[in-house]
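Chain by chain, the residues run as shown.
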Amino acid sequence: MEENNYLEEQEEKREVHFYPLEIGEKVLVPCNEINGTPSYIYGIVKVLPEEENGDVEVETELGDYSIERERMTEEGWKEVDGEIICDSCLKELGKKHLVFYHGSDLDGVFSAAIISRYYGSNSVRCVPVNYGKEFPYEEIDKCTEIIWVVDFSFEDKMSEIAQKLQLDYHITLKWIDHHESAIRKNPNANYINGARSVGRGACEMVYRYLYGDEAISLIKYLSTYDVWDKERFNWDLIMNIQYGVRARVGLDVSKAVGLLSETMNSTFIRDLASEGKVILDWTDQVNEGYVKCSAFEGTICGVKAVFMNTNVFNSNAFKSYDGEYEVMVPFRYEKTGLVRFSIYADHNDKVNCAEMAERFGGGGHAGAAGFQLDMEKEKDLHLFIGLLKTSELNPE
């Protein structure tokens, strides 16, 4: 009767679904089985018993040991030495780091991946975010102790958010960002933990912040692409690496974590570059077709521009365009009712893309920035129609 009461109490307390044990499963086991302290340690199930009540062999950082499996029901409950354990329970208890990352490019994805790899995926939960949304307080749970915002900012609200997290949730905010406009919009946020500066990608900043050392080659290459620094490394190599990584990772943080574990392979960079070159050669042909049918000249904020309705958001999309322009502006209408714009200056020091994007409510870097127009808003709709009619996009 006492055991049944204990199990009922655990069910109410944890409020998670329990799964049967499997070989290789990560489990929580009570440390007092090892050293007498009433705490938990992570372990990996190595051997399951042939008999229902045999011993489960578990490998932990304190060594291998066996625990008697006392009970395992058809519903999936399991109990080891009086404590219920399971992978689901492990996932619920371990995620003290909550990472909000810019989910639209590899700089944001690898910023999150570096944090996940550093602390371990069992301690980190990564949530992609994009501009135009409020801070997602609903993502916070009882396990959250530290919140990271990387390669991103919530407009000019970073100081306000940091104070609210500390006072209302007792949570520390770490903010790492390299966007000129975001830093400028948050002049009172210097006290927030993390790092803010321009010139390097967020993924490289995250790496240095955590490891205190120069970033590995892959991260430096991705960083260089994101800030469009054509002087730092061979630019053909940077482009090939970028497209090779895109093919392997997409925008999946877990795949990015996996790719980071391959960087010790002596042929890793060479293989990525070879894969990327094939892809890039093909995309150049596709982009040439886009330019022929969709590119048109106009102005944005009075600056001479070449616009293009396309799915490709980088200056390389305009590679085959031979007209005169100061900035490149790809745009795309999305089913959400938003029209997404990017602005690329391609090292034209005479213009500042971030300042132009800010006039439309966006932001970014001096050489590359972005903004959105909302077709549900009359003012934005008027601006977009004006672009289509007159080839001019100027804020009122």
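Everything below is about the structure printed above this text.
Here's a quick rundown of the structure. (Residues numbered from 1 in each chain as written. Predicted model: local features only at pLDDT ≥ 70, side-chain atom pairs only at ≥ 80, totals over all residues. Heavy atoms only, no water.)

Some remarks on the sheet that holds strand E13 (residues 303–309)
Taking strand neighbours across the sheet as the criterion, the 7 strands line up as E16-E17-E15-E14-E13-E12-E18 in an open arrangement whose pairing is mixed. Where the open sheet ends on each side, the last strands, each with one partner, are strand E16 (363–364) and strand E18 (392–393). Here 4 bridges tie strand E14 (residues 327–333) to strand E15 (residues 338–344), and the two strands are oriented antiparallel to one another. Counted as the bridge partner of Tyr-333 is Val-339 from E15. Relative to strand E17 (residues 368–374), helix H12 (residues 378–390) is tilted by about 110°, and along the sheet it contacts strand E12 (295–300), E13, E14, E15, E17 and E18. (Pairing = 2+ DSSP bridges. Helix = DSSP H or I, 4+ residues; strand = E, 2+ residues; numbered from the N terminus. Contact = heavy atoms within 4.5 Å. Axes fitted to C-alpha atoms, helices over the stretch in contact; angles between N-to-C directions.)

Quick word on the nonpolar core
Formed by 41 residues in total, the largest nonpolar core has its most connected members in Phe-110, Leu-218 and Val-245. When residues of this core are traced back to their parent elements, those giving at least two are strand E7 (97–102), helix H3 (106–119), strand E9 (146–150), helix H6 (202–211), helix H7 (217–227), helix H8 (235–249), helix H9 (253–260) and helix H10 (268–294). Counting residues in each nonpolar core, the second largest holds 25 residues, with Ala-357, Ala-369, Phe-384 and Leu-393 among its members. (Core = buried A, V, L, I, M, F, W, Y, C linked by side-chain atoms within 4.5 Å. Buried < 20%, exposed > 50% of the residue type's maximum accessible area, 1.4 Å probe, protein only.)

Comments concerning the environment of Leu-383
Summarising the element assignment, Leu-383 is placed in helix H12. Judged by its relative accessible area of 8%, Leu-383 is buried. Once you skip the residues sitting within four places of it in the chain, Leu-383 turns out to touch Phe-360, Leu-373, Leu-393, Asn-394, Pro-395 and Glu-396.

Comments concerning the packing of aromatic side chains
Going through the model one piece at a time under the given rule, you end up with 24 aromatic pairs. With a centroid separation of 5.9 Å and an interplanar angle of 50°, the aromatic rings of Tyr-321 and Tyr-325 are classed as tilted. Residue Tyr-321 is classed as buried on the basis of its relative accessible area, which comes to 17%. The partly exposed category is assigned to Tyr-325, whose relative accessible area is 28%. Ring centres of Phe-331 and Phe-384 lie 6.0 Å apart, and the angle between their planes is 75°; this geometry places the pair in the edge-to-face category. Taken together, the positions of Phe-331 in strand E14 and Phe-384 in helix H12 put the pair 53 residues apart, joining distant regions of the chain. (Phe/Tyr/Trp six-rings, centres within 6.5 Å; stacked < 30°, edge-to-face > 60°.)

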